[in-house]
Amino acid sequence: MAWDKETELRLRQVIKDSGVALLAENLVQGTWGNTAVRLDEDHMLVTPTGLDYIALAPEDMPVVQISDPSVWSDGKKPTSERKIHAAIMQARPEINATIHSHPIYCSILASARIELPVMSDEMQKLVGGSCRVGAYGLPGTKKLKNGTVEAMQGRNACFMANHGVFCAGKDMDEAFEIIRIMEKSCYQYIQECTLKATGQSTYSDELLFDYFVAQKSAKK
Amino acid sequence: MNSSVQTILEYAKRLVAEGVVGESDMLSMRSELNDMYITKAGVKLAELKEDDIVKMNIFTAESEYKYHAQIYNERSDINAICECYPKWVMPVAKAGVTIPAILDDMAQIVGPTCKTAEDNIHSIIKTLKGRNSCLVKDKGCITSGRTMDEAYTCVLVLDKASHCFVSSSVIGKNMIINGFEARLMRFIYKTKYSKKNQENLSAKEEGDNNQQTSDKEASEV
């Protein structure tokens, strides 16, 4: 182990707080997201599988080996998505914190497999360019993991096709800034597309409803 | 308080908190083979009280409760029903179309597709065949499960899938998960994760209703 106890205790709290913050900011539904933070070159702390973030204690977070994520210790059973977190940590030494979640606006672009163009200077700065879509793969498969790693090249976020979003930062605070700007940018993109499609100047959900119903009715 | 009444009150609160209810939502649970507890017609879930949940026989239920009664009668595998009017489901129900498998969680929890039934019990029963959820034309959705948690989770996932489906009309076409993979996910979810979770949940719903683990957590993707 190449980290001291004090660092580990601090990072355990960081992981615990990240789960609570995802919930508080409406960036996750239930426990359906997961986060990881690097301890050293070959170890990371991750959130456990399927447990309530609020009820979790810092000591519940398992330590997972990055080079072989099937190896873990010191906590509850780690998230089944740990292979993706490990693959990103391994491919990108500058990354120390990762978030995988399914916030609604990111999920919309992920479900349509649309590459999100740069929507603002802030997005350019945090994400590093457009947000690509990784190749579709069933949860837990090598195809999904490899697709995510490829789509993340030179970027700090990518969509996972028909699934959600993956974000990576130099620390957890930056990873949060990235997921926040991703959700904000996706919402902005959907609003702009709605206005373009309808020719209106002010967005409302009702405008989108009416456009959808009219389109589907026209096809019948 | 009866455990079914307690469960209905708890999940009504959760549905309201998640913002996936409308004006005329109704929840019910099978209590014994031919009896159900159901929320009174016309009572908003946000204002639901213990006295608003009534027990009735599924063969003698009054007309406004017939949809629930008939589903319990036809489907012995169903023990809980949510009849809800979530915001994003409404335009899809109005258009009367089928939501394809556009998200992994939808394929797992709702199924590879979710169809719209006509607003009559024959069409609803037919559309629900082999499934646990459907939309109802010009209305909302009916979701069901072996437990209330399963039916509740379906409402959340269906509203999210509907939101994606509606939005895709302006951002591009839907990219649909391959049918084999969608069915495989559903199969794995139902057998590997759901069974174990159902056992835990059934036990919990019999007892206290606090801090139930959502069915969604089971697949955790």
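Fair warning: this is a prediction, and the values are worked out from it, not measured in the lab. (Residues numbered from 1 in each chain as written. Chains lettered and ligands numbered in written order. Predicted model: local features only at pLDDT ≥ 70, side-chain atom pairs only at ≥ 80, totals over all residues. Heavy atoms only, no water.)

**Regarding the overall build of chain A**
Stage number 1. Along the backbone of chain A there are 7 helices and 8 strands.
Stage number 2. Relative to the 2.2 N^0.38 estimate, which gives 17 Å for 220 residues, the radius of gyration of chain A is 18 Å and therefore close to what a compact globule would have.
Stage number 3. Counting only C-alpha atoms and orienting by the principal axes, one finds that chain A spans roughly 60 × 35 × 35 Å.
Stage number 4. For chain A, the proportion of its 220 residues judged to be buried stands at 55%.
Stage number 5. Expressed as a percentage of contacts within chain A between residues at least 6 apart in sequence, the contacts between residues at least 24 apart total 59%.
Stage number 6. Accessible surface, chain A: about 9,200 Å² in total, of which carbon and sulfur atoms supply 51%.
Stage number 7. Looking at chain A, you have 24 positive and 28 negative side-chain charges, and the mean spots of the two groups are 8 Å apart. (Helix = DSSP H or I, 4+ residues; strand = E, 2+ residues; numbered from the N terminus. Rg over C-alpha atoms; globule rule 2.2 N^0.38 Å. Buried < 20%, exposed > 50% of the residue type's maximum accessible area, 1.4 Å probe, protein only. Contact = heavy atoms within 4.5 Å. Areas by Shrake-Rupley, 256 points an atom, 1.4 Å probe, with all protein chains shown as cover. Lys, Arg positive; Asp, Glu negative; His and termini not counted. Charge placed at Lys NZ, Arg CZ, Asp CG, Glu CD.)

**Notes on the interface of chain B and chain A**
Stage number 1. At the junction of the two partners, chain B supplies 39 residues and chain A supplies 43 residues.
Stage number 2. For the pairing of chain B and chain A, the buried interface totals around 3,600 Å² over both sides, and the portion due to carbon and sulfur atoms is 64%.
Stage number 3. Summed over the shared surface of chain B and chain A, the result is 1 salt bridge.
Stage number 4. With a closest N to O distance of 2.5 Å, A:Asp205 and B:Lys87 form a salt bridge.
Stage number 5. If you list the elements that add at least two residues to the side of chain B that touches chain A, you get helix H3 (89-95), helix H4 (104-110), helix H6 (148-171), helix H7 (179-206) and helix H8 (216-219) of chain B.
Stage number 6. In terms of residue count, the dominant contributor to the side of chain B that touches chain A is H6(B) (9 residues).
Stage number 7. Looking at the side of chain B that touches chain A, its residues break down into 20 nonpolar, 9 polar and 10 charged. (Buried area = accessible area lost by both parts, 1.4 Å probe. Salt bridge = Lys/Arg side-chain N within 4 Å of Asp/Glu carboxyl O. Nonpolar A, V, L, I, M, F, W, Y, C, P; charged D, E, K, R; others polar.)

**Structural notes on the packing of helix H3 (residues 104-112) of chain A against H6(B)**
Stage number 1. Two numbers describe how H3(A) lies on H6(B): the axes approach to 9 Å, and their chain directions differ by 60 degrees. In terms of axis orientation, H3(A) runs oblique to H6(B). Seen from above, H3(A) lies across H6(B) with right-handed handedness. Contact residues: A:Ile104, A:Tyr105, A:Ser107, A:Ile108, A:Leu109, A:Ser111 and A:Ala112 in H3(A); B:Lys160, B:His163, B:Cys164, B:Ser167 and B:Ile171 in H6(B).
Stage number 2. Residues that form the contact of H3(A) with H6(B) fall into these classes: 7 nonpolar, 4 polar and 1 charged. (Axes fitted to C-alpha atoms, helices over the stretch in contact; angles between N-to-C directions. Parallel < 35°, antiparallel > 145°, perpendicular 65-115°, else oblique. Left-handed = near helix turned anticlockwise from the far one by under 90°.)

**Some thoughts on the packing of helix H7 (residues 205-219) of chain A against H6(B)**
Stage number 1. Where H7(A) contacts H6(B), the two axes come as close as 9 Å, and the packing angle between them is 80 degrees. By the angle between their directions, the pair H7(A) and H6(B) is classed as roughly perpendicular. Here H7(A) contributes A:Leu208, A:Tyr211, A:Phe212, A:Gln215 and A:Lys216 to the contact with H6(B), which in turn contributes B:Phe165, B:Val166, B:Ser167, B:Ser169 and B:Val170.

**A closer look at the confidence of the model for chain B**
All names here are of chain B.
Stage number 1. Per-chain confidence: chain B averages 88 in pLDDT, with 87% of residues scoring 70 or above.
Stage number 2. Predicted confidence for residues 206-221 stays below pLDDT 50, and this span has 60 contacts to residues more than four positions away or in other chains.
Stage number 3. Quick note on the complex model: pTM equals 0.90, ipTM equals 0.92. (pLDDT = per-residue confidence, 0-100.)

**Thoughts on the packing of aromatic side chains**
Stage number 1. Under the defined criterion, the tally for this structure stands at 5 aromatic pairs over all chains.
Stage number 2. On the numbers, 4.3 Å between centres and 35 degrees between planes, the contact of A:Tyr105 with A:Tyr187 is tilted. Placement of the pair is A:Tyr105 in helix H3 and A:Tyr187 in helix H6 (residues 172-198), with a sequence separation of 82 residues.
Stage number 3. Note on A:Tyr187: relative accessible area 29%, which makes it partly exposed.
Stage number 4. With centroids separated by 4.9 Å and ring planes inclined at 85 degrees, the aromatic side chains of A:Phe209 and B:Trp88 adopt a geometry described as edge-to-face. Remark: B:Trp88 occurs in the loop between strand S4 (80-84) and H3 and A:Phe209 occurs in helix H7; the pair is interchain, linking two chains. Exposure class is identical for A:Phe209 and B:Trp88. Each is buried.
Stage number 5. Among the aromatic residues, those joined into a cluster by ring pairs are A:Tyr105, A:Tyr187 and A:Tyr203.
Stage number 6. In this structure, B:Arg14 is placed above the aromatic ring of B:Tyr152, and the distance from its NZ or CZ to the ring centre is 5.5 Å. (Phe/Tyr/Trp six-rings, centres within 6.5 Å; stacked < 30°, edge-to-face > 60°. Lys NZ or Arg CZ within 6 Å of the ring centre and 35° of its normal.)

**Let's talk about the pattern of salt bridges**
Residue and element names in this part refer to chain A.
Stage number 1. For the structure shown, the criterion picks out 17 salt bridges over all chains.
Stage number 2. For Glu 8, the salt bridge goes to Arg 12, with nearest N and O atoms at 2.9 Å. In this pair, Glu 8 and Arg 12 both sit in helix H1 (residues 5-24), 4 residues apart, roughly one turn of the helix.
Stage number 3. Residue class for Arg 12 comes out buried when judged on its relative accessible area of 5%.
Stage number 4. Between Glu 174 and Lys 170 there is a salt bridge, with its nearest N and O atoms 3.2 Å apart.
Stage number 5. A network of salt bridges, in which partner residues are shared, links Lys 5, Glu 8 and Arg 12.

**Comments concerning helix H2 (residues 66-74) of chain B**
Residue and element names in this part refer to chain B.
Stage number 1. Buried within H2 are the following residues: His 68, Ala 69, Ile 71 and Tyr 72. Viewed along the axis of H2, the buried residues span an arc of 165 degrees, placing them on a single side of the element.
Stage number 2. At its buried positions, H2 is contacted by strand S1 (26-32), strand S2 (35-39), S4, helix H5 (121-128) and strand S7 (141-145). (Arc of directions from axis to C-beta.)

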